[in-house]
Amino acid sequence: MCLICDRIEMIKKGENPYFVKELETGYVVIGDNQHFYGYTLFLYKNHENKTELFHLQSDEKMKFLEEMSIVAEAVSKSFGAEKMNYELLGMGDAHLHWHLYPRRSGDIENYGNNGKGPVWWYPMDKMYSDENRPTGNELEEMRRKLLSELDKLI
Ligand SMILES: [Zn+2]
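Residues numbered from 1 in each chain as written. Predicted model: local features only at pLDDT ≥ 70, side-chain atom pairs only at ≥ 80, totals over all residues.

Across its full length, the protein carries four helices and five strands. Shown N-terminal to C-terminal, the secondary structure of the protein runs as helices and strands in the order α-β-β-β-α-β-β-α-α. The globule rule puts the C-alpha radius of gyration for 154 residues at 15 Å, and the 15 Å found for the protein is close to it. Buried residues in the protein amount to 26% of all 154 residues. (Helix = DSSP H or I, 4+ residues; strand = E, 2+ residues; numbered from the N terminus. Rg over C-alpha atoms; globule rule 2.2 N^0.38 Å. Buried ≥ 20, exposed ≤ 12 C-beta atoms within 10 Å, placed from the backbone.)

Take the packing of helix α2 (residues 58–79) against helix α4 (residues 136–153) next. Across the interface, α2 lies against α4 with an axial gap of 9 Å and an inter-helix angle of 130°. The orientation of α2 relative to α4 falls into the category oblique. Crossing of α2 against α4: the hand is right-handed. Judged by residue contacts, I70, E73, A74, V75, K77 and S78 of α2 engage K145, L146, E149, L150 and L153 from α4. For the contact of α2 with α4, a count of residues per class yields six nonpolar, one polar and four charged. (Axes fitted to C-alpha atoms, helices over the stretch in contact; angles between N-to-C directions. Parallel < 35°, antiparallel > 145°, perpendicular 65-115°, else oblique. Left-handed = near helix turned anticlockwise from the far one by under 90°. Contact = placed C-beta atoms within 7 Å. Nonpolar A, V, L, I, M, F, W, Y, C, P; charged D, E, K, R; others polar.)

The strand order across the open sheet formed by five strands is β1-β2-β3-β5-β4, and the pairing between neighbours is antiparallel. Each edge of the open sheet carries a strand with a single partner, namely β1 (19–22) and β4 (83–87). The sheet shows a mean angle of 20° between the axes of neighbouring strands, taken without regard to direction. Bridging between strand β3 (residues 40–44) and strand β5 (residues 97–103) involves four bridges; their strand directions are antiparallel. Bridged to L41 within β5 is H99. Each of β2 (26–30), β3, β4 and β5 touches α2; the most contacted strand, β5, lies at about 25° to it. (Pairing = 2+ DSSP bridges.)

Below, the discussion takes up helix α1 (residues 3–12). Residues that lie three or four places apart on an α-helix share one face, since the helix turns once every 3.6 residues. When α1 is considered as a whole, its buried residues turn out to be I4, R7 and I8. Down the axis of α1, the smallest arc covering the buried residues is 100°, so these residues share one side. Seen from the open side of α1, the exposed residues pointing more than 90 degrees away from its buried face are L3, D6, E9 and K12. On the buried face of α1, the contacting elements are β2, β3 and β5. (Arc of directions from axis to C-beta.)

With that settled, consider α4. The first and last C-alpha atoms of α4 sit 26 Å apart over 18 residues, in line with the 26 Å expected at 1.5 Å per residue. Within the span of α4, buried status applies to M142, R143, L146 and L150. Projected onto a plane normal to the axis of α4, the buried residues spread over an arc of 100° and lie on a single side. With respect to the buried face of α4, the exposed residues turned more than 90 degrees away are N137, E141, R144, S148, D151 and K152. (Expected span 1.5 Å × (residues − 1).)

Attention now moves to the nonpolar core. Across soluble globular proteins, you tend to see nonpolar side chains buried next to one another. Formed by 28 residues in total, the largest nonpolar core has its most connected members in V28, V29, F42, L43, V71, V75 and L100. For this core, the secondary structure elements donating two or more residues are α1, β2, β3, α2, β5 and α4. Broken down by element, the residue count for this core peaks at seven residues, all from α2. (Core = buried A, V, L, I, M, F, W, Y, C linked by C-beta atoms within 7 Å.)

See the structure below:
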(Lines give C-alpha, C1' and ligand atoms only; values in the text may rest on other atoms or scores of the structure.)
Protein backbone atom coordinates (compact mmCIF):
# COMPACT_ATOMS: atom_id res chain seq x y z
CA MET A 1 0.00 0.00 0.00
CA CYS A 2 1.12 3.53 -0.77
CA LEU A 3 1.25 6.07 2.08
CA ILE A 4 0.48 8.92 -0.29
CA CYS A 5 -2.60 7.18 -1.73
CA ASP A 6 -3.72 6.66 1.91
CA ARG A 7 -3.31 10.37 2.66
CA ILE A 8 -5.26 11.26 -0.50
CA GLU A 9 -8.07 8.94 0.59
CA MET A 10 -8.13 10.81 3.93
CA ILE A 11 -8.42 14.11 2.03
CA LYS A 12 -11.35 12.75 0.02
CA LYS A 13 -13.08 11.70 3.25
CA GLY A 14 -12.40 15.13 4.82
CA GLU A 15 -10.15 13.54 7.44
CA ASN A 16 -6.70 14.98 6.64
CA PRO A 17 -5.87 17.95 8.90
CA TYR A 18 -2.79 18.79 6.76
CA PHE A 19 -4.80 19.31 3.58
CA VAL A 20 -4.74 22.86 2.19
CA LYS A 21 -6.13 22.91 -1.36
CA GLU A 22 -6.99 20.76 -4.34
CA LEU A 23 -5.53 21.89 -7.67
CA GLU A 24 -6.14 20.40 -11.13
CA THR A 25 -3.28 17.88 -10.97
CA GLY A 26 -2.72 17.43 -7.25
CA TYR A 27 -3.28 18.18 -3.59
CA VAL A 28 -1.40 20.70 -1.47
CA VAL A 29 -0.61 19.48 2.06
CA ILE A 30 1.49 20.86 4.92
CA GLY A 31 4.35 18.54 5.93
CA ASP A 32 4.05 16.46 9.10
CA ASN A 33 7.33 17.87 10.50
CA GLN A 34 8.24 21.52 10.40
CA HIS A 35 11.95 21.87 11.19
CA PHE A 36 12.05 23.70 7.84
CA TYR A 37 9.13 25.97 8.68
CA GLY A 38 6.61 25.96 5.87
CA TYR A 39 7.61 22.58 4.45
CA THR A 40 4.79 21.64 2.07
CA LEU A 41 4.09 18.77 -0.30
CA PHE A 42 2.28 18.70 -3.63
CA LEU A 43 0.85 15.21 -4.26
CA TYR A 44 0.02 14.12 -7.79
CA LYS A 45 -3.60 12.95 -8.06
CA ASN A 46 -3.08 9.65 -9.82
CA HIS A 47 -0.69 6.93 -8.87
CA GLU A 48 -1.47 3.93 -11.11
CA ASN A 49 1.79 3.18 -12.92
CA LYS A 50 2.85 6.81 -13.33
CA THR A 51 5.97 7.13 -11.21
CA GLU A 52 8.19 9.35 -13.38
CA LEU A 53 7.54 12.82 -14.77
CA PHE A 54 8.16 11.36 -18.23
CA HIS A 55 5.27 8.91 -17.74
CA LEU A 56 2.82 11.83 -17.93
CA GLN A 57 1.31 13.10 -21.16
CA SER A 58 2.87 16.40 -22.19
CA ASP A 59 -0.12 18.65 -21.32
CA GLU A 60 -0.59 16.95 -17.96
CA LYS A 61 3.13 17.14 -17.21
CA MET A 62 3.29 20.86 -18.00
CA LYS A 63 0.23 21.54 -15.83
CA PHE A 64 1.69 19.51 -12.94
CA LEU A 65 4.98 21.44 -13.17
CA GLU A 66 3.23 24.79 -13.46
CA GLU A 67 1.03 24.09 -10.45
CA MET A 68 4.03 22.91 -8.43
CA SER A 69 5.75 26.22 -9.21
CA ILE A 70 2.66 28.17 -8.11
CA VAL A 71 2.54 26.19 -4.85
CA ALA A 72 6.24 26.93 -4.29
CA GLU A 73 5.63 30.66 -4.82
CA ALA A 74 2.73 30.62 -2.36
CA VAL A 75 4.85 28.73 0.20
CA SER A 76 7.69 31.21 -0.22
CA LYS A 77 5.39 34.21 0.30
CA SER A 78 3.47 32.61 3.18
CA PHE A 79 6.45 31.49 5.22
CA GLY A 80 9.23 33.87 4.26
CA ALA A 81 11.79 31.70 2.45
CA GLU A 82 15.21 33.03 1.52
CA LYS A 83 15.31 30.32 -1.16
CA MET A 84 12.92 27.53 -2.15
CA ASN A 85 14.13 23.94 -2.61
CA TYR A 86 12.21 21.49 -4.82
CA GLU A 87 12.55 17.73 -4.57
CA LEU A 88 10.87 14.90 -6.48
CA LEU A 89 12.43 11.71 -5.16
CA GLY A 90 10.16 8.70 -4.71
CA MET A 91 12.47 6.18 -3.02
CA GLY A 92 10.04 5.79 -0.09
CA ASP A 93 6.81 5.90 -2.08
CA ALA A 94 7.15 6.08 -5.86
CA HIS A 95 3.87 8.06 -6.09
CA LEU A 96 4.79 11.40 -7.73
CA HIS A 97 5.03 14.06 -5.02
CA TRP A 98 7.03 17.26 -4.63
CA HIS A 99 8.74 18.24 -1.40
CA LEU A 100 8.81 22.04 -1.22
CA TYR A 101 11.19 23.41 1.40
CA PRO A 102 11.52 27.07 2.38
CA ARG A 103 15.23 27.48 3.19
CA ARG A 104 16.91 30.01 5.46
CA SER A 105 20.51 30.64 6.47
CA GLY A 106 21.55 28.39 9.35
CA ASP A 107 18.68 25.95 8.98
CA ILE A 108 20.97 22.90 8.80
CA GLU A 109 23.19 24.29 11.59
CA ASN A 110 26.79 23.31 10.83
CA TYR A 111 25.94 20.09 9.02
CA GLY A 112 26.70 19.66 5.34
CA ASN A 113 29.37 21.89 3.90
CA ASN A 114 29.79 24.25 6.89
CA GLY A 115 26.05 24.74 7.13
CA LYS A 116 25.39 24.82 3.38
CA GLY A 117 23.72 22.10 1.37
CA PRO A 118 20.50 20.14 0.81
CA VAL A 119 17.95 19.44 3.56
CA TRP A 120 18.96 15.78 3.67
CA TRP A 121 22.36 16.72 5.10
CA TYR A 122 20.49 17.60 8.29
CA PRO A 123 20.21 14.50 10.55
CA MET A 124 17.03 12.52 9.93
CA ASP A 125 16.28 12.07 13.65
CA LYS A 126 16.34 15.86 14.13
CA MET A 127 14.39 16.59 10.97
CA TYR A 128 11.63 14.11 11.85
CA SER A 129 11.63 14.68 15.62
CA ASP A 130 8.18 14.81 17.22
CA GLU A 131 9.22 18.21 18.57
CA ASN A 132 8.92 19.57 15.03
CA ARG A 133 5.27 18.59 14.64
CA PRO A 134 2.92 21.57 14.53
CA THR A 135 0.20 21.80 17.19
CA GLY A 136 -3.41 21.93 16.04
CA ASN A 137 -3.43 25.72 16.27
CA GLU A 138 -0.09 26.12 14.47
CA LEU A 139 -1.28 23.85 11.69
CA GLU A 140 -4.50 25.78 11.31
CA GLU A 141 -2.58 29.06 11.11
CA MET A 142 -0.23 27.62 8.46
CA ARG A 143 -3.11 26.26 6.38
CA ARG A 144 -4.92 29.60 6.51
CA LYS A 145 -1.81 31.56 5.42
CA LEU A 146 -0.96 29.20 2.58
CA LEU A 147 -4.53 29.00 1.31
CA SER A 148 -4.74 32.78 1.25
CA GLU A 149 -1.56 33.06 -0.89
CA LEU A 150 -2.68 30.22 -3.19
CA ASP A 151 -6.02 31.92 -3.75
CA LYS A 152 -4.20 35.11 -4.81
CA LEU A 153 -2.09 33.21 -7.37
CA ILE A 154 -4.73 30.92 -8.88
ZN1 LIG B 1 0.11 6.20 -4.34
